[in-house]
Amino acid sequence: MADIVAGVRRRSDGIEKTAGRVTRVRGPVRGQLESGATAECLEITVEYYTRHGEGPFQVQRMIPLASASTYAKNDRVIVSYDIRAPRRARIAGKVSHWPQIGPRSPAPQPQPQR
């Protein structure tokens, strides 16, 4: 069940999602995946702010090299985080659309041809 509080959608499980930006990609390194398996990985570091303007926070994740998704610095990602302290977050995946902050700029008007 979701509650609307001050225009922000909150999920009852205490998890929110926000957009973040990749700040560092390190690798290939030999590391341990979330499943516990050892593999050649990329270590991804993402910086994000909460929906309430708190931050910046950082979260890291090991991605297997065999994975189809490759990450680069300044890529946009979705971060899901626990709204309670201490903040626990995880990188949920890449996004292709970055929401614009502030008012939208008007669409350019076509120039008349001469």
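Numbering of residues starts from 1 in each chain and follows the order in which that chain's sequence is written. The predicted origin of the model limits local features to residues at a pLDDT of at least 70 and limits the giving and counting of side-chain atom pairs to 80 or more, whereas totals for whole chains, interfaces and linings rest on all residues. Only hydrogens and water are set aside when side-chain values are computed; all heavy atoms of the structure are taken into account.

Asks: Please clarify how the packing of aromatic side chains should be interpreted in this entry.
Replies: By convention here, two paired aromatic rings are described through the distance between centres and the angle between planes. Two rings from Phe, Tyr or Trp (for Trp, the six-membered ring) form a pair when their centres sit within 6.5 Å of each other. Planes less than 30 degrees apart are called stacked, planes more than 60 degrees apart edge-to-face, and all others tilted. In this structure the tally under the stated criterion is two aromatic pairs. With 5.7 Å between their ring centres and 35 degrees between their planes, Y48 and F57 make a pair best called tilted. An aromatic cluster is built from Y48, F57 and Y81, whose rings are joined through pairwise contacts.

Asks: Can you help me understand the pattern of salt bridges in this one?
Replies: Opposite charge on two side chains permits them to pair, given that their charged atoms come into close proximity. We count a salt bridge whenever a side-chain nitrogen from Lys or Arg sits within 4 Å of a carboxyl oxygen from Asp or Glu. Taken as a whole and assessed by the stated rule, the structure comprises three salt bridges. Linking E43 and R26 is a salt bridge whose minimum nitrogen-to-oxygen distance equals 3.1 Å. Residue E43 is located in strand β4 (residues 38–48), and its partner R26 is located in strand β3 (residues 15–32); the two are separated by 17 residues in the primary sequence. Throughout this description, buried means an accessible area under 20% of the type-specific maximum (1.4 Å probe, protein chains only), exposed means over 50%, and partly exposed covers the range between. According to the relative accessible area criterion, R26 is partly exposed, its value standing at 41%. Among the ionic pairs, R30 bridges to E40, the shortest N-O distance being 3.5 Å. Residue R30 is found in strand β3, and its partner E40 is found in strand β4; the two are separated by 10 residues along the sequence. Of the residues examined, E40 reaches a relative accessible area of 35% and is grouped as partly exposed. Among the charged side chains, a network of salt bridges with common partners joins R24, R26 and E43. Going along the chain from the N terminus, every DSSP run of H or I of four or more residues is numbered as a helix, and every run of E of two or more is numbered as a strand.

Asks: What is the right way to look at unusual backbone geometry in this model?
Replies: Across the chain, the bulk of peptide bonds are trans and the bulk of non-glycine residues have phi less than zero. With an omega of 5 degrees, the peptide bond between G27 and P28 qualifies as cis. The omega torsion of the bond from G55 to P56 falls at 10 degrees, within 30 degrees of zero and hence cis. Tracing the chain through its elements places P56 in the loop between β4 and β5 (57–64). The backbone of N74 sits at a positive phi, close to 75 degrees, despite the residue not being glycine. By the element assignment, N74 lies in the loop between β5 and β6 (76–82). Since its relative accessible area comes to 45%, N74 is described here as partly exposed.

Asks: Can you help me understand the environment of G27 in this one?
Replies: The residue G27 is located in strand β3 in this model. Each C-alpha atom, one on G27 and one on L65, is 9.0 Å from the other, the two residues being 38 residues apart in sequence. In what follows, a contact means two residues having at least one pair of non-hydrogen atoms within 4.5 Å. Not counting residues within four places of it along the chain, the set of residues in contact with G27 comprises C41 and L42.

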